[in-house]
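Observations on the model geometry
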Amino acid sequence: MIKHLPDNHSNNFIKLRNSLISATGKAIGDYNMIEDGDTVLVCMSGGKDSHAMLMILLALQERAPINFKLIAMNLDQKQPGFPADILPAYFEKLGIDYRIVEADTYSIVKEKIPEGRTTCSLCSRLRRGVIYTTAKELGANKIALGHHRDDIVETLFLNLFFGAKMKAMPPKLATNDKQNIVIRPLAYCSEKDIASYARQMEFPIIPCDLCGSQENLQRQKVKDMLQSWEREQPGRINNIFRAITNVEPSHLADTDLYDFKNLTQAKADDEDPLFGDISNEGAALSLANTEGSKIEFIRNK
């Protein structure tokens, strides 16, 4: 029996839960992430984000006007000390369809990556290959990952600082072989809200001892930077995320996105609104004098 609410839950918890469900449902709708008849492979790391994603998707499955199937999947990477019994027991308790996939990526990562170097890049590539193959075997056409809004913003800055690219995590992505669609249903949800929800739901959290404890991760440094900004000016992370969804190619510098070379006359959407348009009726300033070497604007009354 799926338990959607903790014992002795408060009204504030209900508001938080409803907010997360609403934000997830909106992201799914905005990007057409899940359609009627889909089979969604829900990737479960055992962390707070994937636990929250699964529970929210189960709630949406109950109320959605379409039918779709969910299969929870955990990848056992054979890390020493990994509590392999926790997630199967939890899935059984929920009464949901699940698969435990065993793949010894741990030994490969430890063999290939020198001591002291970060392991995320190789580990993520190996995981991705296993997940894509598993999805094909199960007939799942959608793969749900638990990345949230903050992850997406952090990735933007990582690519800016270290890859010289204006690139983040898209809420929806086609795999290179075009066989699967990767979706991130929590794209509109903040990490803070997810963490609060997960604590109150008392999910059986499994930490990642392979990479999560590495102090020199650049992602952690970017996270700390963003959190510092957020403390100085609450709402800044959300504004950065909104900027990712509101791009103006004519005000960047990518010649593949905008035809700067053949730009000879400004179009309406090219106009930089920073100083306003003084030629419009009701403008603050009017051109008054162009005699000699002096051009003068006067303030309108």
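These lines cover the structure that appears in this document, whether it is placed above or below. Owing to the predicted nature of the structure, the values given are computational and were not obtained by experimental measurement. (Residues numbered from 1 in each chain as written. Predicted model: local features only at pLDDT ≥ 70, side-chain atom pairs only at ≥ 80, totals over all residues. Heavy atoms only, no water.)

Some details on the layout of surface pockets
Rolling a probe over the atoms, with the probe sized like a water molecule, indicates the empty space that remains. Roughly 500 Å³ of internal volume is contained in the second largest pocket. Residue lining of the second largest pocket: 19 residues in total, with Met-166, Ala-243, Ile-244, Val-247 and Leu-252 positioned closest to the centre. Counting only elements with at least two residues in the lining of the second largest pocket, the list comes to helix 6 (149-163) and helix 9 (236-244). Its residues placed into classes, the lining of the second largest pocket shows 14 nonpolar, 2 polar and 3 charged. (1 Å grid on protein atoms, 1.4 Å probe; cavity = no way out; pocket = protein on both sides within 12 Å on 5 of 7 lines; lining within 4 Å. Points joined across faces, edges and corners; volume = space filled by probe spheres on them. Helix = DSSP H or I, 4+ residues; strand = E, 2+ residues; numbered from the N terminus. Nonpolar A, V, L, I, M, F, W, Y, C, P; charged D, E, K, R; others polar.)

What about the side chain of Thr-155?
Within the secondary structure layout, Thr-155 lies in helix 6. We classify Thr-155 as buried; its relative accessible area is 10%. For Thr-155, the residues in contact, after removing those within four places along its chain, are Lys-167, Ala-168, Met-169 and Arg-219. (Buried < 20%, exposed > 50% of the residue type's maximum accessible area, 1.4 Å probe, protein only. Contact = heavy atoms within 4.5 Å.)

Some points on the packing of helix 1 (residues 11-30) against helix 7 (residues 191-201)
Direction vectors running N to C along helix 1 and helix 7 enclose 125°, while the axes themselves pass 10 Å from each other. Accordingly, the angle class assigned to the pair helix 1 and helix 7 is oblique. As helix 1 runs across helix 7, the sense of the crossing is left-handed. Between helix 1 and helix 7, the contacting residues are Phe-13, Leu-16, Arg-17 and Leu-20 on the first element and Asp-193, Ile-194, Ser-196, Tyr-197, Gln-200 and Met-201 on the second. Residues of the contact of helix 1 with helix 7, tallied by class, amount to 6 nonpolar, 2 polar and 2 charged. (Axes fitted to C-alpha atoms, helices over the stretch in contact; angles between N-to-C directions. Parallel < 35°, antiparallel > 145°, perpendicular 65-115°, else oblique. Left-handed = near helix turned anticlockwise from the far one by under 90°.)

So, the nonpolar core
Ile-34, Val-40, Val-42, Leu-54, Leu-57, Phe-91 and Tyr-197 are the most contacted members of the largest nonpolar core, which has 39 residues in total. Looking at this core, the elements with two or more residues in it are helix 1, strand 1 (39-43), helix 2 (48-63), strand 2 (69-76), helix 3 (86-94) and helix 7. Considering each element in turn, this core owes the most residues, 9 residues, to helix 2. Once residues within four sequence positions are removed from consideration, Tyr-197 is found in contact with Phe-13, Leu-16, Arg-17, Leu-20, Ala-52, Met-55, Ile-56 and Phe-203. Grouped together as the second largest cluster of nonpolar side chains are 15 residues, Ile-71, Ala-103, Tyr-132 and Ala-135 included. (Core = buried A, V, L, I, M, F, W, Y, C linked by side-chain atoms within 4.5 Å.)

Overview of the side chain of Asp-150
Within the secondary structure, Asp-150 sits in helix 6. Looking at Asp-150, the relative accessible area reads 5%, which means it is buried. Those residues within four positions of Asp-150 in sequence are excluded, and the remaining contacts are Cys-189, Ser-190, Glu-191, Gln-227 and Ile-237.

Quick look at the packing of aromatic side chains
On inspection of all chains with the given rule, the structure shows 10 aromatic pairs. A ring pair is formed by Phe-157 and Trp-229, whose centres lie 5.6 Å apart and whose planes are at 75°; its orientation type is edge-to-face. Here Phe-157, found in helix 6, pairs with Trp-229, found in helix 8 (residues 218-232); they are 72 residues apart in sequence, far enough to count as distant. Using a relative accessible area of 10% as the deciding quantity, one classes Phe-157 as buried. With 5.9 Å between their ring centres and 75° between their planes, Tyr-188 and Phe-241 make a pair best called edge-to-face. Here the residue Tyr-188 occupies a position in the loop between strand 6 (181-183) and helix 7, and Phe-241 occupies one in helix 9, the gap between them amounting to 53 residues. You can call Tyr-188 partly exposed: its relative accessible area is 23%. (Phe/Tyr/Trp six-rings, centres within 6.5 Å; stacked < 30°, edge-to-face > 60°.)

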